[in-house]
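Okay, here's what each chain looks like letter by letter:
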Amino acid sequence: MISYRLMKPQDTPGVFRVDQDCFIHNWSLESYQNETENILSNYIVAELDGEIVGFGGFWLVIDEAHITNIGVLEKYRHCGIGDSIIKEMLSLACQNGCVGMTLEVSADNDPAIKFYKKNGFVKEGIRKNYYGNGIDGFIMWRHNLEYEK
Ligand SMILES: CC(C)(COP(=O)(O)OP(=O)(O)OC[C@H]1O[C@@H](n2cnc3c(N)ncnc32)[C@H](O)[C@@H]1OP(=O)(O)O)[C@@H](O)C(=O)NCCC(=O)NCCS
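Predicted, not measured: the structure shown is a model, and the values here were computed from it.

A. Expanded view of the overall build of the protein. Scanning the protein from terminus to terminus reveals 4 helices and 7 strands. When its helices and strands are written in sequence order, the protein yields β-α-α-β-β-β-α-β-α-β-β. Against the globule reference of 15 Å for 149 residues, the protein gives a C-alpha radius of gyration of 15 Å, in line with a compact fold. Put simply, the protein has 149 residues, and 43% of those count as buried. In the protein, the proportion of contacts linking residues at least 24 apart, taken out of those at least 6 apart, comes to 58%. Working note: accessible area of the protein is about 8,300 Å², and carbon and sulfur atoms make up 52% of it. Here the protein carries 14 positive and 21 negative side-chain charges, and the mean point of each set is 6 Å from the other.

B. Structural detail: helix H3 (residues 81-95). Under the 1.5 Å per step criterion, the end-to-end length of H3 is 21 Å for 15 residues, consistent within 8% with the ideal 21 Å. Within H3 the residues assigned to the buried category are Ile81, Gly82, Asp83, Ile85, Ile86, Met89, Leu90, Leu92, Ala93 and Cys94. Backbone geometry just downstream of H3 places Gly97 in the positive-phi region, at approximately 85°.

C. Focus on the packing of aromatic side chains. Across all of its chains, the model carries 8 aromatic pairs by this definition. Aromatic pair Tyr43 and Phe55: ring centres 6.3 Å apart, planes at 25°, arrangement stacked. Here Tyr43 is found in strand E2 (residues 41-48), whereas its partner Phe55 is found in strand E3 (residues 51-61), with 12 residues between them in sequence. Relative accessible area serves as the criterion here: at 4%, Tyr43 is assigned to the buried category. Look at Phe55 and you get buried, because its relative accessible area is 0%.

D. Summary view of the pairing of strand E5 (residues 100-106). Across the 7 residues that make up E5, a large majority, 6, are buried. Strand direction decides the pairing type here: strand E4 (residues 64-72) and E5, joined by 3 bridges, are parallel. If you follow Glu64 over to E5, its bridge partner there is Gly100. Assessed by its sense of winding, the connection that carries the chain from E4 through H3 to E5 is right-handed. Of the pairings in the sheet, the one linking E5 to strand E7 (residues 137-142) comprises 6 bridges and is antiparallel in character.

E. Structural context of the environment of Pro9. On the secondary structure map, Pro9 appears in the loop between strand E1 (2-6) and helix H1 (12-22). For the pair Pro9 and Thr36, spaced 27 residues apart in the sequence, the C-alpha separation amounts to 5.8 Å.

What counts as what
- Residues numbered from 1 in each chain as written.
- Predicted model: local features only at pLDDT ≥ 70, side-chain atom pairs only at ≥ 80, totals over all residues.
- Heavy atoms only, no water.
- Helix = DSSP H or I, 4+ residues; strand = E, 2+ residues; numbered from the N terminus.
- Rg over C-alpha atoms; globule rule 2.2 N^0.38 Å.
- Buried < 20%, exposed > 50% of the residue type's maximum accessible area, 1.4 Å probe, protein only.
- Contact = heavy atoms within 4.5 Å.
- Areas by Shrake-Rupley, 256 points an atom, 1.4 Å probe, with all protein chains shown as cover.
- Lys, Arg positive; Asp, Glu negative; His and termini not counted.
- Charge placed at Lys NZ, Arg CZ, Asp CG, Glu CD.
- Expected span 1.5 Å × (residues − 1).
- Phe/Tyr/Trp six-rings, centres within 6.5 Å; stacked < 30°, edge-to-face > 60°.
- Pairing = 2+ DSSP bridges.
- Right-handed = clockwise from strand over helix to strand, strands pointing away.

So this is what it looks like as structure tokens:
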């Protein structure tokens, strides 16, 4: 059974492995270690039989939650783990007094855009060439988190 819980320092190698499996622009292991000491950071991990199979994090900026990364190991995708992680993140953001959650997503990342839309996020802006090579970043928001409580 998959469990969803807050990231601990000992989870960082597993989180780093998920990062490597998911992203082109990777964070270092040290970056994730630093996140466990950053009071603004909030990370949820998904654990299956002792293995970190997915994670998602956000920075608490006053009353906004800014998503840093969210990813699921490729072999475990499309079976609801991402949905469960973001629901945990939304709940955690609410508990911390956030009224909105936001992120940037690559304009060519259709699975992620569909994923965010399914979870109530809407596109509210574009950062031109944010990812280089002419690839824009979409700014997406989910407002009114307080109504989740
Ligand atoms: C985005 C991501 C986290 C989704 O995680 P997941 O566990 O696969 O997602 P879920 O199984 O919970 O799917 C939830 C919804 O997302 C959408 N979705 C997920 N993968 C999709 C795909 N490949 N194609 C189309 N829609 C997809 C669907 O709407 C899906 O709902 P449905 O199953 O009812 O159709 C995962 O695809 C991933 O790790 N991608 C690589 C990293 C990444 O791009 N992160 C986002 C950076 S901004």
